[in-house]
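Coordinate inspection notes
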Amino acid sequence: MAFISNPKALCGKYVTLREVNESDARFILDLRLNPEKARGFVRPIENNLQKQIDYIRHYKTLSDEWYFLIEAKTGERLGVISIYDLRPDSFGAGRWLMSDNATPQQVIEGELLMKNYGFNVLGYPQMHFDVLKNNKKVLKFHYLWDATQVDENEQEIFFILSKENFEKNKSKIERML
């Protein structure tokens, strides 16, 4: 688990990002196995709670990843999102998955808080990520940020988002909250 240097940067009006814990394993597994979500929007996983717990335990040994649970201000678990695959000039972002209980504002704010943390707390000039091609709603959202497509394969589209485009489009996205 990487040190969270500025926890206040992970608190928004609608949601808070916190580190995942083993007690979140069942929620995460159920979210990832949800038939509507798993229908080509997330990479398949095995229905195995112990493997999910082991994954969280392994994550906690890492010093260069942040695996966040997105919580409503009421404490309700809403989703997950991660920062990982750190490179000299870019942070990786992904594992973004939200429950059906999340409002559009909560979905958007959780992702916004993660990006803000990567750019303005960790200090990276760009973010890299990929999206499964059939996840049209998420692709459309990333294009709102002026993310640049850098590659693709049969299943995925690969993007870079610069800090400049993040800052330029942040107010437009915040108006959606």
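If you're wondering where the values come from, they're calculated on a predicted model, not measured in any experiment.

About the cut-offs
- Residues numbered from 1 in each chain as written.
- Predicted model: local features only at pLDDT ≥ 70, side-chain atom pairs only at ≥ 80, totals over all residues.
- Heavy atoms only, no water.
- Buried < 20%, exposed > 50% of the residue type's maximum accessible area, 1.4 Å probe, protein only.
- Helix = DSSP H or I, 4+ residues; strand = E, 2+ residues; numbered from the N terminus.
- Arc of directions from axis to C-beta.
- Contact = heavy atoms within 4.5 Å.
- 1 Å grid on protein atoms, 1.4 Å probe; cavity = no way out; pocket = protein on both sides within 12 Å on 5 of 7 lines; lining within 4 Å.
- Points joined across faces, edges and corners; volume = space filled by probe spheres on them.
- Nonpolar A, V, L, I, M, F, W, Y, C, P; charged D, E, K, R; others polar.
- Pairing = 2+ DSSP bridges.
- Axes fitted to C-alpha atoms, helices over the stretch in contact; angles between N-to-C directions.
- Core = buried A, V, L, I, M, F, W, Y, C linked by side-chain atoms within 4.5 Å.
- Phe/Tyr/Trp six-rings, centres within 6.5 Å; stacked < 30°, edge-to-face > 60°.
- Lys NZ or Arg CZ within 6 Å of the ring centre and 35° of its normal.

What sets the pattern is the α-helix's 3.6 residues per turn: residues three or four places apart point alike. All buried positions along helix H3 (residues 49-59) are accounted for by Gln52, Ile53, Ile56 and Tyr59. Projected onto a plane normal to the axis of H3, the buried residues spread over an arc of 120° and lie on a single side. Contact partners of the buried residues in H3: strand S1 (15-19), helix H1 (25-33) and strand S2 (66-72).

Let us look at the layout of surface pockets. Think of a ball as big as a water molecule: rolled over the atoms, this probe shows where empty space is left. As a volume, the largest pocket reaches approximately 1200 Å³. Lining the largest pocket are 42 residues, with Trp96, Leu97, Met98, Asn135 and Val138 positioned closest to its centre. Put simply, the parts of the chain that give the lining of the largest pocket at least two residues each are helix H2 (35-38), H3, strand S3 (77-87), strand S4 (90-98), helix H4 (104-121), strand S5 (126-132) and helix H5 (136-144). Here the lining of the largest pocket takes six residues from S4, the largest share from any one element. Considering only residue class, the lining of the largest pocket consists of 23 nonpolar, seven polar and 12 charged.

A separate point is the sheet that holds S3. The strand order across the open sheet formed by seven strands is S1-S2-S3-S4-S5-S7-S6, and the pairing between neighbours is mixed. Among the strands making up the open sheet, the edge pair consists of S1 and strand S6 (148-152). With strand direction ignored, the average angle separating the axes of adjacent strands in the sheet is 30°. One ladder, built from seven bridges, connects S5 with strand S7 (residues 156-162); its direction is antiparallel. Paired with glutamine 126 across the two strands is serine 162, which belongs to S7. Sitting on the sheet, H1 is in contact with S2, S3 and S4, with an inclination near 90° to S3. The sheet contacts of H4 involve S1, S2, S3, S4, S5 and S7, and relative to S4 the element is tilted by about 165°.

In this section: the environment of isoleucine 160. Secondary-structure assignment places isoleucine 160 in strand S7. By relative accessible area, isoleucine 160 is classed as buried at 19%. For the pair isoleucine 160 and histidine 142, spaced 18 residues apart in the sequence, the C-alpha separation amounts to 10.0 Å. If near-sequence neighbours (up to four positions away) are discounted, isoleucine 160 is found in contact with Gln126, Met127, His128, Ala147, Thr148 and Val150.

Counting 34 residues, the largest nonpolar core has Leu17, Phe68, Phe91, Met114, Met127 and Leu161 as its most contacted members. For this core, the element with the most residues is H4, which contributes six residues. Sequence-distant contacts of phenylalanine 91, that is, excluding residues within four places in its chain, are made with Ile83, Tyr84, Asp85, Leu86, Met114, Lys115, Gly118, Phe119, Tyr124, Gln126, Met127 and His128. Grouped together as the second largest cluster of nonpolar side chains are 12 residues, Leu31, Ile56, Tyr59 and Leu69 included.

This paragraph deals with the packing of aromatic side chains. Under the definition given, this model contains 12 aromatic pairs. Taken together through their ring pairs, the aromatic side chains of Phe91, Trp96, Phe119, Tyr124, Phe141, Trp145 and Phe166 make up a single cluster. Sitting over the face of the ring of tyrosine 67, arginine 95 holds its NZ or CZ atom 5.8 Å from the ring centroid.

Nothing here speaks to function; it is all geometry.
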